[in-house]
Amino acid sequence: MHTREEKMKAFGRLLDVLDELREKCPWDRKQTNESLRPNTIEETYELCDALMKDDQPNICKELGDVLLHVCFYAKIGQEKEQFDIADVCNKLVDKLIFRHPHVYHPSQVGAPDPKPLPYGEKPEEQDTSEEVKTAQQVIENWEQIKLREKDGNKRVLSGVPDALPALIKAYRIQDKARNVGFDWEDKGDVWGKVREELGELEAELRREDRERSTEEFGDFLFSLINAGRLYKINPDTALEKTNTKFIRRFNYIEEHSIRMGKPLKDMTLGEMDELWNEAKAHEKKKD
């Protein structure tokens, strides 16, 4: 692993190259916040894909791509004389200090060399009034602290980005509500709500009311995501694992059809089901 000095030098090297590219490369020179945004979304998803696969070489590569975008947006901000990468880093550090009163005294916000508790000789510099012992306590305090920040969230749910994918957004909404005490007292009670929403969905589907069916389908999904959260199952991760599993098994069927010289559309559902079960059996043997 690299030394602190080597890490700082590498970061400076990145900034130097980005400066040169912004000046001398026609593509880099014409980029704006708006033009970069779609690429940023794509790079973030590529990083997420590597993380799901625990592909360490690609995690390293994709982290670099995301870091490039962070630095690029800061470079554009600098050109507009609005902010630069130092402002980005300092605002992040100050936010981290302010939101971790169990680690840093509030006076360390803005300090050039912030020191963790205890950092001084006075009693008030030795102790913290917000002692926490578990990760859950940190999360609960975090939400309350954000509401007190000068530029922080004014409402509990205002910190959930509008542009989040709906599945992740639902999970974050529920998680934030939980942090202020709005949650099931007994996680097992959530299944009654799931069954209730499923019943309402089935009723609307029988009526063939498309608008109401869509609404009830959303309610059912929301309740199911809530159940996953209560049982410590991330619904996005769970669904992505199922997506990957389905692709793997369907590819097995397709590869078999290619070897047979028989197109998928000419295969019966029974034949495809048989191959699907073969794929499942092969997976179990590998496990």
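Draft legend 1. Layout of the overall build of the protein chain. Across its full length, the protein chain holds 11 helices and 0 strands. Taken from the N to the C terminus, the helices and strands of the protein chain come in the order α-α-α-α-α-α-α-α-α-α-α. Residue pairs at least 24 apart in sequence account for 50% of intrachain contacts in the protein chain once pairs closer than 6 positions are excluded.

Draft legend 2. Spotlight on the pattern of salt bridges. One pass over the full model with this rule turns up 20 salt bridges. Here K61 ties to E62 by a salt bridge, and the two come within 3.1 Å at their closest N and O atoms. Two residues, D65 and K61, come together in a salt bridge whose shortest N-O distance is 3.6 Å. You can see D65 and its partner K61 sitting in helix 4 (residues 56–79), 4 residues apart, about one turn around the helix. Its relative accessible area of 21% is what places D65 among the partly exposed residues. The exposure class of K61 is partly exposed, given its relative accessible area of 46%. Through salt bridges with shared partners, a single ionic network connects E204, R207, R212, E215 and E216.

Draft legend 3. Structural view of the environment of L14. With respect to the helices and strands, the residue L14 is situated in helix 1 (residues 4–24). Here L14 falls in the partly exposed class, since its relative accessible area comes to 24%. Sequence-distant contacts of L14, defined by excluding residues within four places in its chain, comprise L67 and C71.

Draft legend 4. Seen up close, the packing of helix 1 against helix 4. In contact at an axis separation of 11 Å, helix 1 and helix 4 are set at 60° when each is read in the N-to-C sense. Comparing the axis directions of helix 1 and helix 4 gives the class oblique. Note on packing geometry: the crossing formed by helix 1 with helix 4 is right-handed. Seen from helix 1, the contacting residues are F11, L14, L15, L18, D19 and R22; seen from helix 4, they are L67, L68, C71, F72, K75, I76 and E79. The residue inventory of the contact of helix 1 with helix 4, partitioned by class, reads 9 nonpolar, no polar and 4 charged.

Draft legend 5. Structural context of unusual backbone geometry. Look at E81: it is not a glycine, yet its phi comes out positive at around 60°. Relative to the helices and strands, E81 resides in the loop between helix 4 and helix 5 (85–98). If you check the backbone angles, E208 has positive phi at about 60° while not being a glycine. One can find E208 in the loop between helix 8 (190–207) and helix 9 (210–230).

Draft legend 6. The arrangement of the packing of aromatic side chains in detail. Going through the model one piece at a time under the given rule, you end up with 3 aromatic pairs. Ring centres 5.8 Å apart and planes at 40° place the aromatic pair W191 and Y231 in the tilted group. Within this pair, whereas W191 is found in helix 8, its partner Y231 is found in the loop between helix 9 and helix 10 (235–260), the two being separated by 40 residues in sequence. According to the relative accessible area criterion, W191 is partly exposed, its value standing at 33%. Judged by centre distance (6.0 Å) and plane angle (10°), the rings of F246 and F250 are stacked. Of the two residues, F246 and F250 are both situated in helix 10; the distance of 4 residues between them amounts to about one turn of the helix. By relative accessible area, which is 45% here, F246 ends up partly exposed. Following the ring pairs from residue to residue traces out a cluster consisting of F246, F250 and W276.

What counts, and at which threshold
- Per chain, residues are indexed from 1 in the order of the written sequence.
- Totals for whole chains, interfaces and linings use all residues, but because this is a predicted model, local features are given only for residues with pLDDT of at least 70 and pairs of side-chain atoms are given and counted only at 80 or more.
- In computing side-chain properties, one takes all heavy atoms of the structure into account and sets aside hydrogens as well as water.
- Working definition: helices are DSSP H or I runs of at least four residues, strands are E runs of at least two. Numbering for both runs from the N terminus.
- Contact between two residues is taken to exist if any of their heavy atoms lie within 4.5 Å; hydrogens are not considered.
- By salt bridge we mean one thing: a side-chain nitrogen of Lys or Arg within 4 Å of a carboxyl oxygen of Asp or Glu.
- With a 1.4 Å probe rolled over the protein chains alone, any residue whose accessible area is under 20% of its type maximum counts as buried; one over 50% counts as exposed, and the rest are partly exposed.
- Note on geometry: axes are lines fitted to C-alpha atoms, helical ones only across the stretch in contact, with angles between N-to-C directions running from 0 to 180 degrees.
- Reported orientations rely on four angle classes, namely roughly parallel under 35 degrees, roughly antiparallel over 145, roughly perpendicular from 65 to 115, and oblique for the rest.
- Should the near helix be turned counterclockwise from the far one by less than a right angle, the crossing is left-handed, whereas a clockwise turn marks it as right-handed.
- Under the scheme applied, nonpolar residues are Ala, Val, Leu, Ile, Met, Phe, Trp, Tyr, Cys and Pro; charged residues are Asp, Glu, Lys and Arg; polar residues are all the others, including Gly.
- Aromatic rings from Phe, Tyr and Trp, with only the six-membered ring used for Trp, were paired whenever their centres fell within 6.5 Å, and each pair was classed as stacked if the ring planes differed by under 30 degrees, edge-to-face if by over 60, and tilted otherwise.

That is the geometry; function is a separate question.
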